[in-house]
Amino acid sequence: ETGVTQSPTHLIKTRGQQVTLRCSSQSGHNTVSWYQQALGQGPQFIFQYYREEENGRGNFPPRFSGLQFPNYSSELNVNALELDDSALYLCASSSGGAVGYEQFFGPGTRLTVL
Amino acid sequence: GIQVEQSPPDLILQEGANSTLRCNFSDSVNNLQWFHQNPWGQLINLFYIPSGTKQNGRLSATTVATERYSLLYISSSQTTDSGVYFCAAREFTGAGSYQLTFGKGTKLSVIP
């Protein structure tokens, strides 16, 4: 069974640029959630994708957007990067239905905005 | 939304000691997860525990949903237990969506 994978591992961008982060869900999982973790804080929910549609969003502006593909992999796109976007971005996958909502996390992408 | 509070924020233990980490949540939750975050940032699942008690080796967890708290017990701590421990409460946010709300974590340092 393959776990959740993310790419790239690290990324450095400058303010105003755009970035795309990628996530492959664990085998058998159809739901992907993205979280942002600032230094010294707990992860914060950005949004969730199920059946290729966003079906839940946390308190993040529209410049944070995403996609989910038919194979359940997902992308997180951030436009007009700001210094405060520097963080660890975590992707989590889970299966839907009446059971199995436990979320499993990937290793994360560390984004630095200069 | 739900508020999740963890205590203590920092904990230093001598190798071999036992510890209890606490997680309080402000409202009814659908479920609760405990994670260990290693120095590289990876969140490792420890327990998925809506209620009751579970044990896995030297670690065990208890959730009392009616009183809105969960406890993580670490016995005979080892230096490899060092890291940040998070609890996260799951809440449904409508339209089939659910999210995990995390506490700020307990940073555990186990010294030889």
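The structure under discussion appears in the preceding block.
Residues numbered from 1 in each chain as written. Chains lettered and ligands numbered in written order. Predicted model: local features only at pLDDT ≥ 70, side-chain atom pairs only at ≥ 80, totals over all residues. Heavy atoms only, no water.

Enquirer: I'd like to hear about the overall build of chain A, residue by residue, with values.
Expert: Across its full length, chain A carries 0 helices and 11 strands. Helices and strands in chain A line up, N terminus first, as β-β-β-β-β-β-β-β-β-β-β. Relative to a compact globule of 114 residues, whose C-alpha radius of gyration would be 13 Å, chain A shows 13 Å and is just as compact. When the backbone C-alpha atoms are referred to their principal axes, chain A occupies close to 40 × 25 × 25 Å. Per-residue burial for chain A yields a buried fraction of 51% across its 114 residues. In chain A, 52% of the contacts between residues at least 6 apart in sequence involve partners at least 24 apart. Surface summary for chain A: the accessible area is close to 5400 Å², and the carbon and sulfur share equals 49%. Between the averaged position of the 7 positive side-chain charges in chain A and that of its 9 negative side-chain charges there is a distance of 7 Å. (Helix = DSSP H or I, 4+ residues; strand = E, 2+ residues; numbered from the N terminus. Rg over C-alpha atoms; globule rule 2.2 N^0.38 Å. Buried < 20%, exposed > 50% of the residue type's maximum accessible area, 1.4 Å probe, protein only. Contact = heavy atoms within 4.5 Å. Areas by Shrake-Rupley, 256 points an atom, 1.4 Å probe, with all protein chains shown as cover. Lys, Arg positive; Asp, Glu negative; His and termini not counted. Charge placed at Lys NZ, Arg CZ, Asp CG, Glu CD.)

Enquirer: A description of the sheet that holds strand 3 (residues 19-25) of chain B should follow, citing residues and the corresponding values.
Expert: Residues and elements named next belong to chain B. In spatial order, the strands read 1-3-8-7-6; together these 5 strands make up an open sheet with antiparallel pairing. Each edge of the sheet is formed by a strand with only one pairing partner; in this case those strands are strand 1 (4-7) and strand 6 (52-56). Put simply, the sheet's adjacent strands are angled 15° from each other on average, direction ignored. The pairing of strand 1 with strand 3 spans 4 bridges and is antiparallel. When the sheet's bridge partners are listed, Glu-5 is paired in strand 3 with Asn-24. (Pairing = 2+ DSSP bridges. Axes fitted to C-alpha atoms, helices over the stretch in contact; angles between N-to-C directions.)

Enquirer: Describe the packing of aromatic side chains, naming the residues involved and giving the relevant values.
Expert: Residues and elements named next belong to chain A. For the structure on display, the rule yields 9 aromatic pairs over all chains. For the ring pair Tyr-35 and Phe-105, a centre distance of 5.4 Å and an interplane angle of 50° mean the geometry is tilted. Placement of Tyr-35 in strand 4 (residues 31-37) and of Phe-105 in strand 10 (residues 104-105) is noted, with a sequence separation of 70 residues between them. By relative accessible area, which is 0% here, Tyr-35 ends up buried. (Phe/Tyr/Trp six-rings, centres within 6.5 Å; stacked < 30°, edge-to-face > 60°.)

Enquirer: So what about the interface of chain A and chain B? Which residues, and what values?
Expert: The interface of chain A with chain B comprises 22 residues on the first partner and 22 residues on the second. Where chain A abuts chain B, roughly 1800 Å² becomes buried across the two surfaces, and 50% of that area is made up of carbon and sulfur atoms. For the chain A face of the interface with chain B, the top three residues by lost area are A:Tyr101, A:Glu102 and A:Phe105, together amounting to 32%. Applying the counting rule to chain A against chain B returns 0 salt bridges. The interface formed by chain A and chain B includes 9 residue pairs in polar contact (both at pLDDT 80 or more). If you list the elements that add at least two residues to the side of chain A that touches chain B, you get strand 4, strand 5 (44-50), strand 6 (53-57), strand 9 (87-94) and strand 10 of chain A. (Buried area = accessible area lost by both parts, 1.4 Å probe. Salt bridge = Lys/Arg side-chain N within 4 Å of Asp/Glu carboxyl O. Polar contact = N/O pair within 3.5 Å; in protein donor to acceptor, adjacent residues only side chain to side chain.)

Enquirer: Kindly report on the pattern of salt bridges, identifying the contributing residues and their values.
Expert: Enumeration according to the criterion identifies 6 salt bridges over all chains in this entry. Note that A:Asp85 and A:Arg63 form a salt bridge whose closest N and O atoms lie 2.8 Å from each other. You can see A:Asp85 sitting in the loop between strand 8 (74-78) and strand 9 and its partner A:Arg63 sitting in the loop between strand 6 and strand 7 (64-68), a full 22 residues away along the chain. Across the pair B:Arg68 and B:Asp27 runs a salt bridge, and its minimum N-O distance is 4.0 Å. Residue B:Arg68 is located in the loop between strand 7 (59-64) and strand 8 (69-74), and its partner B:Asp27 is located in the loop between strand 3 and strand 4 (31-37); the two are separated by 41 residues in the primary sequence. A residue is classified by how much of its surface remains accessible, and B:Asp27, at 40% relative accessible area, is partly exposed. Salt bridges here are not isolated pairs; linked through shared partners, they connect A:Arg63, A:Glu82 and A:Asp85.

Enquirer: Can you break down the nonpolar core residue by residue, with the values?
Expert: Ranked by internal contacts, the top residues of the largest apolar core, which has 21 residues, are B:Leu32 and B:Trp34. Those elements giving two or more residues to this core turn out to be strand 2 (10-14), strand 3, strand 4, strand 7, strand 8, strand 9 (83-94) and strand 11 (106-111) of chain B. Those residues within four positions of B:Leu32 in sequence are excluded, and the remaining contacts are B:Cys23, B:Phe25, B:Phe47, B:Tyr48, B:Ile49, B:Pro50, B:Thr63, B:Ser70, B:Cys87, B:Ala88 and B:Ala89. Counting 20 residues, the second-largest nonpolar core is a separate cluster that includes A:Val32, A:Phe64, A:Val78 and A:Val113. (Core = buried A, V, L, I, M, F, W, Y, C linked by side-chain atoms within 4.5 Å.)

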